[in-house]
Amino acid sequence: MGDAGDGVVLVEVCGRQYPIRSDLDETYVTELARYVDRKIRTTAKHAHGADSMQVAVLAALNIADEYFRYRNRQPSAPDDVRRRTDELEALVDRAIADNLDPG
């Protein structure tokens, strides 16, 4: 991983390198990629038989769930956001359960 020049940072996710064009700090972009990589790898361990797209979607849902939970801890979070977060959490739980149960 490293700087590819011209505002492009090379990051590695699941063994593949991706050039990311960004004005953000290279260290920060690399940290984001490592976080996504960990999430995908953790999800893959629990989603037996899922293809790479399913694993990526489940990992993205997990990241979105974390974000929504964090956002909802803020005192100004409206009830609608909390309700939608609960629905998203249930959706993620069902998706994970469906991928864990091959039947």
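Scroll up for the structure.
Residues numbered from 1 in each chain as written. Predicted model: local features only at pLDDT ≥ 70, side-chain atom pairs only at ≥ 80, totals over all residues. Heavy atoms only, no water.

Trainee: Explain the overall build of the protein chain here, please?
Mentor: Secondary structure summary: the protein chain contains three helices and three strands in total. Ordered by position from the N terminus, the helices and strands of the protein chain form the series β-β-β-α-α-α. For the protein chain, buried positions account for 28% of its 103 residues. Of all intrachain contacts in the protein chain linking residues separated by at least 6 positions in sequence, the fraction that spans at least 24 positions is 34%. Surface accessibility of the protein chain: about 7300 Å² in total, with carbon and sulfur atoms responsible for 53%. (Helix = DSSP H or I, 4+ residues; strand = E, 2+ residues; numbered from the N terminus. Buried < 20%, exposed > 50% of the residue type's maximum accessible area, 1.4 Å probe, protein only. Contact = heavy atoms within 4.5 Å. Areas by Shrake-Rupley, 256 points an atom, 1.4 Å probe, with all protein chains shown as cover.)

Trainee: Where do I start with the environment of Val92 in this structure?
Mentor: Along the chain, Val92 falls in helix α3 (residues 79-100). For the pair formed by Val92 and Leu58, sequence separation is 34 residues and the distance between their alpha carbons is 7.2 Å. Setting aside chain neighbours within four positions, we find Val92 in contact with Leu61 and Asn62.

Trainee: Quick question: what am I supposed to make of the pattern of salt bridges here?
Mentor: It is possible for side chains bearing opposite charge to pair when their charged atoms get close. Throughout the structure, instances matching the rule amount to four salt bridges. In this structure, the salt-bridge partner of Lys39 is Glu66, at a minimum N-O distance of 2.3 Å. Residue Lys39 is found in helix α1 (residues 26-46), and its partner Glu66 is found in helix α2 (residues 52-72); the two are separated by 27 residues along the sequence. The class for Glu66 is partly exposed, based on a relative accessible area of 31%. The partner of Asp65 in a salt bridge is Arg69, and the shortest N-O contact between them spans 3.0 Å. One end of the pair, Asp65, and the other, Arg69, are both in helix α2, four residues apart, so they sit about a helical turn from each other. What makes Asp65 buried here is its relative accessible area of 10%. What emerges from the salt-bridge pattern is a single network uniting Asp65, Arg69 and Glu89. (Salt bridge = Lys/Arg side-chain N within 4 Å of Asp/Glu carboxyl O.)

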